Amino acid sequence: MPTTRIPTARDWMTPVRLTLTPDLDIVEAIERLIDREVTAAMVVDEHDKLLGILTDKDCLRVLSHAIYENQEHPATVKDFMSPATIIEPEMDFFRVVEQFLRCHFPTLPVVKDGVLMGRISRKDVLQGIQRFLTTKAEELRKMLQQPDGAGRPSSIEEMQKAAAEHDPEALARRFTQNR
């Protein structure tokens, strides 16, 4: 029986739409977020090493900073950026989802050896999950339509594997097919 490969971050990451440098003026950074219509930007050094992430939520602190802080130097991205939750390219979607559930970021950087490779958003993950579940459902449908019980498990190990992969109704149909 074919088994669907679990998607990885590499499969669904997209190019980074905007990067910022840590010394960029925060007002300019906000303008870039607005112009590019993004909710977050990766902060990198001159070698594309990830330093952090600046989100629209981080930028909300600029108002209180402007009102309550009397600074002599202009505020920069590094004054407001957050440490980034990092996704590795080979992380499977289950681990990527766990990372999203642990943080508030709408998009996460995909990083290999400290270098920014791409990004993955919640929407990318949802599309990956949708495709994965559709593929699994199609595999199950094909297996259940096999004639003469060809897809029926013939050993305890096969039954255990099938039980781990399918819902109870599909299992019942599979085990009782053509009886």
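The paragraphs below set out a description of the structure included in this document. (Residues numbered from 1 in each chain as written. Predicted model: local features only at pLDDT ≥ 70, side-chain atom pairs only at ≥ 80, totals over all residues. Heavy atoms only, no water.)

## Overview of the overall build of the protein chain
When helices and strands are tallied, the protein chain shows 8 helices and 5 strands. In sequence order, the secondary structure elements of the protein chain are arranged as α-β-α-β-β-α-α-α-β-β-α-α-α. When contacts within the protein chain are restricted to residue pairs at least 6 apart in sequence, those whose partners lie at least 24 apart make up 58%. Surface exposure of the protein chain reaches about 11200 Å², of which carbon and sulfur atoms provide 54%. (Helix = DSSP H or I, 4+ residues; strand = E, 2+ residues; numbered from the N terminus. Contact = heavy atoms within 4.5 Å. Areas by Shrake-Rupley, 256 points an atom, 1.4 Å probe, with all protein chains shown as cover.)

## What about the sheet that holds strand β3 (residues 50-55)?
Here 3 strands make up an open sheet; going across it, the order is β1-β2-β3 and the pairing mixed. Here the strands that pair on one side only, and so sit at the sheet edges, are β1 (19-20) and β3. For β1 and strand β2 (residues 40-44), the ladder comprises 2 bridges, and the chain directions are parallel. Counted as the bridge partner of L20 is V43 from β2. (Pairing = 2+ DSSP bridges.)

## A look at the packing of helix α5 (residues 93-102) against helix α6 (residues 122-144)
Packing of α5 against α6 leaves a shortest axis separation of 11 Å and a crossing angle of 145°. Of the two elements, α5 crosses α6, and the hand of that crossing is left-handed. Of the residues in α6, those in contact with F93, V96, V97 and F100 of α5 are R122, D124, V125, G128 and I129. Of the residues contributing to the contact of α5 with α6, the split by class is 6 nonpolar, 1 polar and 2 charged. (Axes fitted to C-alpha atoms, helices over the stretch in contact; angles between N-to-C directions. Left-handed = near helix turned anticlockwise from the far one by under 90°. Nonpolar A, V, L, I, M, F, W, Y, C, P; charged D, E, K, R; others polar.)

Any functional reading would require information that these geometric values do not contain.
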